[in-house]
Amino acid sequence: MPNARTRDLTQGPIGRTLFVFALPILAGNVLQSLNGSVNAIWVGRFLGEEALTATANANNIMFFLIGAVFGVGMAATILVGQAMGTKDTAQAKLVIGTSATFFFLVSLVIAFAGMPLSRHILVWMSTPAESLALAESYLRIIFMAVPFLYMFAFLSAILRGSGDTRTPFVFLMLAVLLDIVLNPLLIFGIGPLPEMGIAGSATSTLVANVISLAAMLLWLRHRRHPLWISRHENAVYKPDIAILRALVVKGVPMGLQMIVISLAMIMMISMVNAYGVDYASAYGAALQLWTYIQMPAMAIGAACSSMAAQNVGAGHWDRVNATARTGTAFNFLMTGALIAPVILFDHTTLSLFLPDGSAALEHGRHLNHIAVWSFLFFGVSFVISGVVRATGAVIPPLVILGIAMWGIRIPFADLLQPTLGIDAIWWSFPVSALCSMLMSMAYYRWGNWRKAKMLKPDPDAVAVPSEVPSQVPSPVADQGPRA
């Protein structure tokens, strides 16, 4: 079982601390992807293509719902991290109390509104008629699971902010294992369990998250975690307006980044679809590989954000800069270690998703050789964005991403097709990723992100000594929203 304690990320060697901190995040990302793959195998192979289409449509909605609160969770992570950096446990609990109330109420609204609207949402998405009834029964249960999914994600976020990535990983692993085991049991009605068909797959997700969330809460209470809110501290659950405003004002731009990426990917898929099924399936196979290739960068970026937040709170700007440098180096090493075998053994890796002799196989190899390198540049942008967001500078990373995706990638892919053909689409990935990296590095070097704040300083608060130079005020989290 995990050792439910906070980790002081303001002390110790940067490289080792960051690597150990990021590893459980990376393992958790891999677990979730494998969980989705295993569940898809059960549904697709044993319930048919209509059922698989139904889960694909419903899961798109679930991923959107989780992505919609991604930014608020990141804001909570940063606020908790800054509070822990100043050794202000009381402030951290205020953030947790307000965030918990926010997440719980929002999840209830979504669940109660979503269940009766499930069919209408699926019809709006043009879900195939033969899959509509299956998708509805699946999605209604997923909406029931939303409060537990949101609270689990919220708890994981604040624990990462406190320096603890091991506890969220252990209980995520419990949820994934339960989901994998319960899927066939509830789909086929093995033993005393009822045969639920596709609804059994959604129910397994619901039950697994309920059990895992309850287990995590009991464990934190049992271990008397420093951030556990006891009965006599229940007043912190009353929303603090300053913190609530910071969660929304700072969280929404971070959440919008997910939407910007999603919409851009829809545009790219639409362009590829115009070239026919061979190119579309080749691109689909490459996307499966890219899901895993980008995981190290995402894990390192999330770890850098938590680590930088604590050091911002403590005023250790030398460690903030060292975190950015070390995270960038780790990105090149870890992402490069995944890209190399994908290129060297491209036939084997793509054959996992495409049949031998398929024309799509050669298309996949060709596009991978061009596009897969973009994830080295993407990783640098992700790390730098994670560091600068730790101060509360959330708008510039969103603007940079918007320019890279909609000002460079989409126009490059669209306008150069008459000259380069479909290669214009493939080349748009490294070109836009490189531009994003250069813009992120420029903002890190010359931007005003060090002056940003998650919360407005309290004029009555006692000043905290800082190592930051006099011309750059320390963005220590205090009371009140930024104007």
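Here, every reference points to the structure presented above.
Reference entry: report on the structure contained in this document. All values reported here derive from a predicted model rather than from experimental measurement.

Calculation notes
Residues numbered from 1 in each chain as written. Predicted model: local features only at pLDDT ≥ 70, side-chain atom pairs only at ≥ 80, totals over all residues. Heavy atoms only, no water. Helix = DSSP H or I, 4+ residues; strand = E, 2+ residues; numbered from the N terminus. Buried < 20%, exposed > 50% of the residue type's maximum accessible area, 1.4 Å probe, protein only. Contact = heavy atoms within 4.5 Å. Expected span 1.5 Å × (residues − 1). Core = buried A, V, L, I, M, F, W, Y, C linked by side-chain atoms within 4.5 Å.

## Here's the deal with the side chain of S156
Note that S156 resides in helix α5 (residues 129-161). With relative accessibility at 7%, the residue S156 sits in the buried group. Once residues within four sequence positions are removed from consideration, S156 is found in contact with P168 and M216.

## Description of helix α7 (residues 198-222)
Along its 25 residues, α7 runs 37 Å from first to last C-alpha, staying within 8% of the 36 Å computed at 1.5 Å per residue. A positive backbone phi angle near 50° is found at R224, which sits one or two residues after α7.

## Some remarks on unusual backbone geometry
In this structure, K87 takes a positive phi of about 60° despite not being glycine. Positionally, K87 belongs in the loop between α3 (70-85) and α4 (89-124). Positioned with a positive phi, R224 is a non-glycine residue whose angle comes to about 50°. If you trace the backbone, R224 turns up in the loop between α7 and α8 (241-273). The class of R224 is exposed, set by a relative accessible area of 73%.

## Observations concerning the nonpolar core
Grouped together as the largest cluster of nonpolar side chains are 102 residues, with contacts concentrated most on L79, F143, V387 and W449. Sort the elements by how many residues they give to this core and α5 lands first, with 17 residues. Here V387 is in contact with C304, A308, V320, A324, Y444 and W449, once residues within four sequence places are set aside. Membership of the second largest hydrophobic core comes to 35 residues, among which are L289, A360, V372 and M405.

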